Amino acid sequence: MPHVPPLSHSKPKGEFSLDIKDDDDDQGNEINIKLTPHDDLDELLNQPIGLPARKNISSYPSNILKETQDCREAIDLVITHISHQNIDISFQNLVQIDVVIKDKEKRDFLIPHIDNLLNTCAIKLNIAHNVYLNSHDCQVDQVFRLFKGLFSVIVDIFENDLGKYAQVKSFKDVIYNLLNVMIDSKVLNFAEGDQLIKAINLVTLKLLDLSDQTTSYSALVRLLTEGCNQETQTNKYLEMVMKCIWRLIRKLSAPSPASDDLVQQIDTSKVLAEIHTFLKTYPPNTWQTRSNDLPLRTAKTLVFHLAKAKQSKILDDLKLIDAPEDSELKAYINKLFKNGFQLSHNNSINSTSFASKMGGANQSPEQPAPMVRVLSDQLSAIVKKIGISEQSK
C-alpha cells in the first residue's frame, strides 16, 4: 500500500488565504518597540504640516513628436490618436502632426504615412459630422474646432507637396466626407455653420488644384460611379461630385501653356480605366429610364477632352486598360476620331448648360481657375480662429 502521510491539524489555506499563526506559536518571542520621548507633545502636534508641491501631470503626452529626437518612431502613435474619441486629445495630435508637416527637416518622415494620415482624417470627419454634431455630450464649439483642425492638416499636406503621395482611395475618402458635410443642411443651423461650409468649399478647391491630377480625376470618376447608386446617395451629393469634375475639365480645356503641362501630368490610362468601370456599371441604355443622364454626359465629356488633348496617344493609353474591343469606351473614342472631335448634343454638355442645370455660376472653359494663393488667403481668413499653433497646445 502507498504511504499515506498523517493528517495535519493545521487550518486549510485557500488560494488567497493568509497563513496566520496562533498566538501560542509566538510565545516567548518579544517585540521591543522604542518610542522617542517628547517633552512637549502639544507643541509637536501644533506644528504646521508642509504639503508637497502639486505637479500638473498631463494625462496625455501632448508634445510627443517634439520630445522624440527622431520623430519617425512616434508618427504612427500620433496618427492613431487623431482618431481618439476624446476631442481634445484628437485635436492635440492634429496640432503635433501639423507642426511636423510645416517642418522642412521632418516633413519627409510623413511620406510613408500619408495614406494612413488622410484615411484617419477622413474617418474623423465622418465621426465629427455624424456622431459629435448629433451628440448632446459634445460641445459644438469643440466639434467645430476639431473640424477646422482637420481642414488645416489636410490642406497643409497638399500645400507642402505631400499630397502627391496619396493613393486614389485615401484622396477619394477625404473628398467624399468633405462633400457630405457640405451638403448637410443641418450644419447651417449652428452659429458657425455658414463659415464651416465656406471653409469646406475652399478646402475642396485647394485639394483639386494641388493634388496629383491623375489621382484627382481617378478619384472623382470613382465617386461618380459610386454616387450614381440612387439608393445610397442623394442627387445633391452627385451634383457636387460633377461640379468637381467640371472644374477639372475647365482647367484641361482652357487654351493655355498651363493646360498643356497639365495634360502631360495625367496618366490617362488610369483615368480611362475608371471611366470604363463607370460605363460598364451604367451602360448608356440604362439611362433611358432615368430622369437625368447628366452623369453619363459628364463622363463622356471628360473622355472627349482627354482624347482631344492627347490626340493619337490616347489610343496607346487605351490599350493599357482591361477593356474589350467592343466596350463602350473604345467605341466612343473611335467615334470621336471619326467625327473629328465634334461632340453631338446628346453626348456632351457645355459649361453654360451645366452651370444652369447645377445652379452654379456661368463660367466658360476659357476662364482660368482661381489662383491657389487666393484660395489660401480666403481659407486662412476663415479658419485662423482654430488655434493650430503653439498657443493651442
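All of these numbers come straight from a predicted model, not from anything done at the bench. (Residues numbered from 1 in each chain as written. Predicted model: local features only at pLDDT ≥ 70, side-chain atom pairs only at ≥ 80, totals over all residues. Heavy atoms only, no water.)

Q: Can you help me understand the overall build of the protein in this one?
A: When helices and strands are counted, the protein shows 17 helices and zero strands. By residue count, 45% of the 393 residues in the protein fall in the buried class. Entry remark: accessible area of the protein is about 23300 Å², with carbon and sulfur atoms responsible for 50%. (Helix = DSSP H or I, 4+ residues; strand = E, 2+ residues; numbered from the N terminus. Buried < 20%, exposed > 50% of the residue type's maximum accessible area, 1.4 Å probe, protein only. Areas by Shrake-Rupley, 256 points an atom, 1.4 Å probe, with all protein chains shown as cover.)

Q: Would you mind showing me how to read the packing of aromatic side chains here?
A: The relation between two aromatic rings is expressed through the spacing of the ring centres and the mutual angle of the planes. Tallying each qualifying case throughout the model produces eight aromatic pairs. An aromatic cluster of three or more residues is present, and its members are F144, F147, F151 and F190. We note R145 situated over the ring of F91; from NZ or CZ to the ring centre the distance is 3.6 Å. Positioned over the ring face of W287 is R290, at 4.4 Å from the centre of the ring. (Phe/Tyr/Trp six-rings, centres within 6.5 Å; stacked < 30°, edge-to-face > 60°. Lys NZ or Arg CZ within 6 Å of the ring centre and 35° of its normal.)

Q: Whenever I open this one, the environment of D98 confuses me. Can you help?
A: Within the secondary structure layout, D98 lies in helix 4 (residues 87–102). Between the C-alpha atoms of D98 and L150, which are 52 residues apart in sequence, the distance is 9.6 Å.

Q: Please clarify how the pattern of salt bridges should be interpreted in this entry.
A: Under the counting rule described, the total for this entry stands at 16 salt bridges. The partner of D88 in a salt bridge is R145, and the shortest N-O contact between them spans 4.0 Å. With D88 in helix 4 and R145 in helix 6 (residues 140–159), the pair connects residues that are 57 residues apart, well separated along the chain. In this structure, E192 and K148 form a salt bridge, with 2.6 Å as the shortest nitrogen-oxygen distance. Linking E192 in the loop between helix 7 (168–182) and helix 8 (193–210) with K148 in helix 6, this pair joins segments that are 44 residues apart in sequence. Residue E192 is classed as partly exposed on the basis of its relative accessible area, which comes to 37%. Taken together, the salt bridges that share partners define one network made up of K169, K172, D173 and E226. (Salt bridge = Lys/Arg side-chain N within 4 Å of Asp/Glu carboxyl O.)

Q: How do you make sense of the packing of helix 12 (residues 268–281) against helix 15 (residues 328–338) when you look at a structure like this?
A: Each packed pair of helices is defined by two parameters, the angle between the axes and the distance between the axes. At their nearest, the axes of helix 12 and helix 15 sit 9 Å apart, and the two run at 115° to each other. As the angle between them shows, helix 12 and helix 15 are arranged roughly perpendicular. Contacts from L272, I275, H276 and L279 of helix 12 reach helix 15 at E328, L329 and I333. Among the residues forming the contact of helix 12 with helix 15, the class breakdown is five nonpolar, one polar and one charged. (Axes fitted to C-alpha atoms, helices over the stretch in contact; angles between N-to-C directions. Parallel < 35°, antiparallel > 145°, perpendicular 65-115°, else oblique. Contact = heavy atoms within 4.5 Å. Nonpolar A, V, L, I, M, F, W, Y, C, P; charged D, E, K, R; others polar.)

Q: Help me out: how do you make sense of the environment of L208 in this one?
A: Note that L208 resides in helix 8. In the structure, L208 is positioned 50 residues away from F158 in sequence and 9.8 Å away in space, judged by C-alpha atoms.

Q: Honestly, helix 10 (residues 235–253) in this entry has me stumped. Any pointers?
A: Note that an α-helix has 3.6 residues per turn; residues three or four places apart therefore point the same way. With 19 residues, helix 10 extends 26 Å between its outermost C-alpha atoms, agreeing within 8% with the 27 Å of an ideal straight helix rising 1.5 Å per residue. Here helix 10 lies mainly inside the structure; 14 of its 19 residues are buried. (Expected span 1.5 Å × (residues − 1).)

Q: Would you mind showing me how to read the side chain of T215 here?
A: By secondary structure assignment, the location of T215 is in helix 9 (residues 213–227). The contacts of T215, once residues within four sequence positions are left out, are A166, Q167, V168 and F171.

Q: Where do I start with the environment of L146 in this structure?
A: By the element assignment, L146 lies in helix 6. The residues touching L146, leaving out its near neighbours within four places in the chain, are I87, S90, F91, L94, K124, A128 and Y132.

Q: Teacher, can you tell me more about unusual backbone geometry here?
A: Excluding glycine, most residues fall at negative phi; most peptide bonds, likewise, are trans. Positive phi is not limited to glycine here, since D161 has a value of about 65°. As for its position among the elements, D161 is in the loop between helix 6 and helix 7. At Q311, a residue that is not glycine, the phi angle is positive and equals roughly 55°. Of note, Q311 is situated in the loop between helix 13 (294–310) and helix 14 (313–319).

Q: Which parts of the structure should I look at to understand the packing of helix 9 against helix 12?
A: In the contact formed by helix 9 and helix 12, the axes pass within 8 Å of each other and the chain directions differ by 5°. Between helix 9 and helix 12, the interaxial angle falls into the category roughly parallel. In this structure, helix 9 contributes T214, Y217, S218, V221, R222, L224 and T225 to the contact, and helix 12 contributes K270, V271, E274, I275, F278 and T281. Classifying every residue of the contact of helix 9 with helix 12 gives six nonpolar, four polar and three charged.

Q: Would you explain the side chain of T225 in this entry?
A: Within the secondary structure, T225 sits in helix 9. If sequence neighbours within four positions are ignored, T225 has contacts with E274, F278, T281 and Y282.

Q: Is there a simple way to think about the confidence of the model for the protein in this case?
A: Residues shown with low pLDDT carry predicted positions that ought not to be read at fine detail. Averaged over every residue, the pLDDT of the protein is 78; residues scoring 70 or more account for 67%. Note that pLDDT drops below 50 for residues 10–21; the model gives that stretch three contacts with residues more than four away or on any other chain. Confidence over residues 351–371 falls short of pLDDT 50; this stretch has 31 contacts with residues more than four positions distant or in other chains. (pLDDT = per-residue confidence, 0-100.)

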